[in-house]
Number of protein chains: 2
Amino acid sequence: MNKLLIVGTVAFDAIETPFGKTDKILGGAATYIGLSASHFNLESAIVSVVGDDFPQEYLDLLTDRNIDISGLEVVKGGKTFFWSGLYHNDLNSRDTLATELNVLADFQPKVPQNFKTADVVMLGNLHPLVQSSVLDQMDVKPKLVVLDTMNFWMDCALPELLEVIKRIDVITINDEEARQLSGEYSLVKAAAKIHAMGPEFVVIKKGEHGALLFHNHQIFFAPALPLEEVFDPTGAGDTFAGGFAGYITQSENISFENMKNAIIYGSNLASFCVERFGTERMVHLDKDEVIARLQQFKSLTQFDIEI
Amino acid sequence: MNKLLIVGTVAFDAIETPFGKTDKILGGAATYIGLSASHFNLESAIVSVVGDDFPQEYLDLLTDRNIDISGLEVVKGGKTFFWSGLYHNDLNSRDTLATELNVLADFQPKVPQNFKTADVVMLGNLHPLVQSSVLDQMDVKPKLVVLDTMNFWMDCALPELLEVIKRIDVITINDEEARQLSGEYSLVKAAAKIHAMGPEFVVIKKGEHGALLFHNHQIFFAPALPLEEVFDPTGAGDTFAGGFAGYITQSENISFENMKNAIIYGSNLASFCVERFGTERMVHLDKDEVIARLQQFKSLTQFDIEI
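Residues numbered from 1 in each chain as written. Chains lettered and ligands numbered in written order. Predicted model: local features only at pLDDT ≥ 70, side-chain atom pairs only at ≥ 80, totals over all residues. Heavy atoms only, no water.

Draft legend 1. Looking closely at the overall build of chain A. Summing up its helical and strand segments, chain A has 11 helices and 15 strands in all. Compactness check: chain A gives a C-alpha radius of gyration of 18 Å against a globular reference of 19 Å for 307 residues, within 12% of the reference. Expressed along its principal axes, the backbone C-alpha trace of chain A runs to roughly 65 × 45 × 40 Å. A burial count over chain A gives 61% of its 307 residues as buried. When contacts within chain A are restricted to residue pairs at least 6 apart in sequence, those whose partners lie at least 24 apart make up 65%. With an accessible surface of roughly 12,200 Å², chain A has 49% of that area assigned to carbon and sulfur atoms. (Helix = DSSP H or I, 4+ residues; strand = E, 2+ residues; numbered from the N terminus. Rg over C-alpha atoms; globule rule 2.2 N^0.38 Å. Buried < 20%, exposed > 50% of the residue type's maximum accessible area, 1.4 Å probe, protein only. Contact = heavy atoms within 4.5 Å. Areas by Shrake-Rupley, 256 points an atom, 1.4 Å probe, with all protein chains shown as cover.)

Draft legend 2. Expanded view of the interface of chain B and chain A. Facing the 36 residues of chain B at the interface are 36 residues of chain A. Of the roughly 3,500 Å² buried where chain B meets chain A, counting both sides, 60% is carbon and sulfur surface. For chain B, the biggest contributors to the area lost against chain A are Phe303, Ile305 and Ile307 of chain B; these three give 21% of the whole. At the surface where chain B touches chain A, the tally comes to two salt bridges. Note that Glu229 of chain A and Lys189 of chain B form a salt bridge whose closest N and O atoms lie 2.8 Å from each other. Among the elements of the structure, α7 (187-196), β15 (218-222), α9 (256-273) and α11 (287-301) of chain B are those that each provide at least two residues to the side of chain B that touches chain A. Ranked by residues supplied to the side of chain B that touches chain A, first place goes to α11 of chain B with eight residues. (Buried area = accessible area lost by both parts, 1.4 Å probe. Salt bridge = Lys/Arg side-chain N within 4 Å of Asp/Glu carboxyl O.)

Draft legend 3. Highlighting the side chain of Thr9 of chain B. Residue and element names in this part refer to chain B. Inspection of the secondary structure assignment puts Thr9 in the loop between β1 (3-7) and β2 (11-17). Within the structure, the side chain of Thr9 is placed 2.8 Å from the backbone nitrogen of Ala29, a separation counted as a polar contact. Ignoring anything within four residues of it in the chain, the contact list for Thr9 reads Gly28, Ala29, Ala30, Thr31, Ser48, Phe81, Leu104, Asn125 and Leu126. (Polar contact = N/O pair within 3.5 Å; in protein donor to acceptor, adjacent residues only side chain to side chain.)

Draft legend 4. Looking closely at the packing of aromatic side chains. Residues and elements named next belong to chain A. Under the counting rule described, the total for this entry stands at 21 aromatic pairs over all chains. Between Phe40 and Tyr265, the aromatic rings sit 5.2 Å apart at their centres with planes inclined by 70°, giving edge-to-face as the arrangement. Remark: Tyr265 occurs in helix α9 (residues 256-273) and Phe40 occurs in the loop between α1 (29-37) and β5 (43-51); sequence separation between them is 225 residues. Comparing Phe40 with Tyr265 shows no difference in burial state: the two are buried. An aromatic cluster is defined as three or more aromatic residues linked by ring pairs; in this entry it consists of Phe12, Phe54 and Tyr58. (Phe/Tyr/Trp six-rings, centres within 6.5 Å; stacked < 30°, edge-to-face > 60°.)

Draft legend 5. Region of interest: the packing of α1 of chain A against helix α8 (residues 236-251) of chain A. Residue and element names in this part refer to chain A. Interaxial distance between α1 and α8 falls to 7 Å at its minimum, and their mutual angle equals 45°. It follows that α1 is oblique to α8 by the angle criterion. Once α1 is placed against α8, the crossing between them reads as right-handed. Between α1 and α8, the contacting residues are Ala29, Tyr32, Ile33, Ser36 and Ala37 on the first element and Asp238, Thr239, Gly242, Gly243 and Gly246 on the second. Of the residues belonging to the contact of α1 with α8, the class tally is four nonpolar, five polar and one charged. (Axes fitted to C-alpha atoms, helices over the stretch in contact; angles between N-to-C directions. Parallel < 35°, antiparallel > 145°, perpendicular 65-115°, else oblique. Left-handed = near helix turned anticlockwise from the far one by under 90°. Nonpolar A, V, L, I, M, F, W, Y, C, P; charged D, E, K, R; others polar.)

Draft legend 6. Structural context of the relation of the copies chain B and chain A. In the superposition of chain B on chain A (RMSD 0.0 Å, axial shift 0.0 Å), the rotation amounts to 180°. Such a combination of turn and shift is consistent with a two-fold rotation axis. Taken together, the interface assignments show that 100% of the residues at the interface of chain B recur at the interface of chain A, consistent with an identical surface on both copies. (Least-squares fit on C-alpha atoms with pLDDT ≥ 70 in both.)

Draft legend 7. View of the UniProt feature "domain: Carbohydrate kinase PfkB" (unreviewed entry) in chain A. Per the UniProt record, "domain: Carbohydrate kinase PfkB" (unreviewed entry) is annotated on residues 21-281 of chain A. For residues 21-281 of chain A, the helix share is 36%, the strand share is 23%, and the end-to-end C-alpha distance is 16 Å. (UniProt positions renumbered as here; feature names shortened; annotations may be inferred.)

Set out below in C-alpha cells:
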C-alpha cells in the first residue's frame, strides 16, 4: 500500500454554532485529515503533539482507523493545544474565542522511520517551520507534497511560509487567504500569483461555494453539495484536504485529470463532516455512504450538451 | 421556428464600477434577455415601454438581432425608465443611486397578436401585475413560463407577486431574494418552500458563485466561469435568464435533464455579459465565441470517477 504522511495539529476544540455548543471535543487539522484519508486504501501516519491530558479513547479512535500514531508525541505534564470558536448565524464567519498553544509552542516534529519514504506528504495547518522540518526529514522526495495553511501564518510568519511554499506541489487555501497571500481580488489572478510562488497546483476553497483547482491555464471546479442544514463547519477544509491527499495517495496519479477526481472526493467527504459537531460524523462514516454521495456529485454537475 | 415572448424593462442605465462609469446607456431586463436569447434559433418579441427620448439607434440594435419590437410601446412626450447604480469594490453589492419609473408607472402591456401563441414566455423583472396581465393575454397556455423577479416586489407588492408565482413553471431568483421570499436560510429549504408556492422548477442565482436548479428532490449546479476580471455585473442575471429561456425555446424540451443544458447556456452567456459595461459585450458576441466557451464549461465541471 502507498503511504501518506500527515502533519498538523491534534487538538481539543470547543465549538458553538447556532445549533448548540460542545465541551472540549476531539479536533485538529491532522485529526480531520487522518479520518478523511482513512477512507482510502493506504497507510497513513500522523506527526503531531499532545499533552498527557489527551484521552486514550481519542488515541484509540485514530488507531482504529489504521492511522499510525508513532509520530504523535505525548508530552508528560503538557497540555494539549486548545481552540475555541463561535460561528455566526450564516456559518460562514466565526470568532476565535480562545487559542492555547500549550505543547504546540515548542513542538519539534519527528517523522517515523518507515514514513520517511512516504509517497505523499500532507502538511496540514501548523507553523511553516514545522512543515519545513518535516520535509527536511524525508529520505526520498515524495511524489506529491500538499500544503494547507491559514491567514494566521501570513500575518506572523510570512517569510517562513513563503520558504515552505517554494518546496510544495499543491497548496490548498481558502478564498480570503488566497487574496491576502497574492494581493489580488480575482481568484484567477490570485491563483496565478500563488502558482508563481512555487506550487504547480493551486486549490482555492470557497466553503459552501465549492473549490477551484488551478494548473497553468486549466481550471476545474467542484461544488459543495447543497445541504438542508450545515451543522458545524469546523474541520471541513481539513477533511477536504485529507480526501484530496488520500485519493491521490491511493491512485498514484498526479495528473490534472486525476486531481479533478481528488477534488470531488475531498468535497464529498467534507459534505459529511459538516453534518454533525466536530469529528462525530466522520468517525461513523462508512464506505457505502461515501459512494452513494459520489453519485449525487455526478448528478449535481454532469451535463450532456452536444457541441 | 418556436416563439419566445419576453416581458421586462427597456431602460437607460448609468453605471459606476471600480473600473469606470458610464453616461446613460442601453439597459433593462428585457433588453438583456432579448440579446441573450437572440443566440438561439427562435423568434422573439419584447413587450415593454419607452419614452420618445429613446434613440432609434437602440431600437435598431434590437431589430438587428431579429427581436420583434411591435410590442414595445413608445410613449409620446414620455421619458424612458432610468436606473443608476454604484458597485462596490467586490462587485457583489451595489447601491441604487436613482430609480425613475417614468413611462413604466402607467404601463399596460400589449402582447402582439402573433405572440399570443408563444411557446415560451419569459416574464422579466417588472411589477407582478404587468407579468400577470401578459399571461392573461395569451391565447394558448405556453409550454413553459419563466419568471424573474426582485426583492423590490417582495417589499411592495408581495400578494400580487405570490399570485403570479402560482401561474408559472420556473422561477429564477437570486440567493438573498430566495431567502427573503421563503424565510429559510438554507437554499435547499428555500427552494422547497418556493416550489410549494407554485413553480415546478426553482433556479437560484448566486452571481459569481453559480446557479442551482431544483426540481422535486433533484438538484443541478452550474458554476460561473472564473474570470480574470468582472467589469460590470449589470444585466448578468437577465442574460442568464435569457440564455435559459432561449435554449428551452429552441430545444422544445422541458425535461429536468434538458434544463441542465439551459442553465449551462445561461451561465455561458452571462459570463460574456460581465466582461464589458452594459450590453456592450452582448451586442458584439458571435456564435463561435459562445461555442468555444461551452467547451470551457465542460472542462471546468466534467470529471470521470468510476463508481
